[in-house]
Amino acid sequence: ELGWSPATLVDFVEHASTSLHWVGLDGTILWANREELSILGYTADEYIGHSIVDFHADKVCVHNILRRLLAGETLRDVPARMIHKDGSIVQVRMDSSACFDETGTFSHTRCFTHNVTAGRLEASERQKLAAHTLARRLQGVNRRLQRDIDMNENLLHQMLPPKVAA
């Protein structure tokens, strides 16, 4: 027995640094903590009570996630693309399971959402930098090759006999 009060537990999940949400049988968002709202940019009124499908960029993906959860599957590290209030895409990884009541009836999902957008942007920036570096190196190689071609053409012209005027 830890002796934690219900208020302490509510504070713990509401202010967790990981986003959390519950989704009901019909896909309605029943609850979301502050971090979930923060990473997507919505207020509680704009998010809670609405369909989770409306906040996913890939409808097939979210329907598949819901189907698997309803079947009792526990999901780990599932990639998804969610829609931020400003219209941008938030890349996430989700861990989720379903909560069933004592009769075995589905109650709601329990979802932990991890924002991985920054990591994807960093990887994208590394790829752009690598491409830029490669392009600069190829330009240097191209300049050296052109210089060698020009030099060889000059040598060839010096070695050939002069053209006879017609």
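Trainee: Please provide a residue-by-residue account of the environment of Arg68, values included.
Mentor: Inspection of the secondary structure assignment puts Arg68 in helix 4 (residues 59–70). Given the relative accessible area of 21%, Arg68 is considered partly exposed. Ignoring anything within four residues of it in the chain, the contact list for Arg68 reads Glu73, Leu75 and Val78.

Trainee: Report on the environment of Glu14, specifying residues and quantitative values.
Mentor: One can find Glu14 in helix 1 (residues 6–14). Placed 22 residues apart in sequence, Glu14 and Glu36 show a C-alpha to C-alpha distance of 9.5 Å. Look past the residues within four positions of Glu14 in its chain and what remains in contact with it is Trp31, Ala32, Asn33 and Arg34. Only 2.8 Å separates the side chain of Glu14 from the side chain of Trp31, close enough to count as a polar contact.

Trainee: An account of the nonpolar core is requested, with residue identities and associated values reported.
Mentor: Counting residues in hydrophobic clusters, the biggest one holds 24 residues, and the most contacted among them are Leu40, Tyr47, Ile52, Ile65 and Met82. Going through the elements one at a time, strand 2 (29–32), helix 2 (34–40), helix 4, strand 3 (75–83) and strand 4 (89–100) are the ones with two or more residues in this core. By residue number, the principal contributor to this core is helix 4, which donates five residues. Apart from the residues lying within four places of it in its own chain, the contact partners of Leu40 are Tyr47, Met82, Ile83, His84, Lys85 and Val90.

Trainee: Describe the packing of aromatic side chains, listing the residues and the values that go with them.
Mentor: For the structure shown, the criterion picks out five aromatic pairs. Summarising the aromatic geometry, the rings of Tyr42 and Tyr47 are spaced 6.0 Å apart at their centres and angled 20° between planes, so their arrangement reads as stacked. According to the relative accessible area criterion, Tyr42 is buried, its value standing at 15%. Residue classification places Tyr47 among the buried positions, given a relative accessible area of 1%. Ring centres 4.9 Å apart and planes at 80° place the aromatic pair Tyr42 and Phe55 in the edge-to-face group. One end of the pair, Tyr42, is in the loop between helix 2 and helix 3 (44–47); the other, Phe55, is in the loop between helix 3 and helix 4, and 13 residues separate them in sequence. In this structure, Tyr42 and Phe55 share a single accessibility class: buried. An aromatic cluster of at least three residues, connected via ring pairs, comprises Tyr42, Tyr47 and Phe55.

Calculation notes
Residues numbered from 1 in each chain as written. Predicted model: local features only at pLDDT ≥ 70, side-chain atom pairs only at ≥ 80, totals over all residues. Heavy atoms only, no water. Helix = DSSP H or I, 4+ residues; strand = E, 2+ residues; numbered from the N terminus. Buried < 20%, exposed > 50% of the residue type's maximum accessible area, 1.4 Å probe, protein only. Contact = heavy atoms within 4.5 Å. Polar contact = N/O pair within 3.5 Å; in protein donor to acceptor, adjacent residues only side chain to side chain. Core = buried A, V, L, I, M, F, W, Y, C linked by side-chain atoms within 4.5 Å. Phe/Tyr/Trp six-rings, centres within 6.5 Å; stacked < 30°, edge-to-face > 60°.

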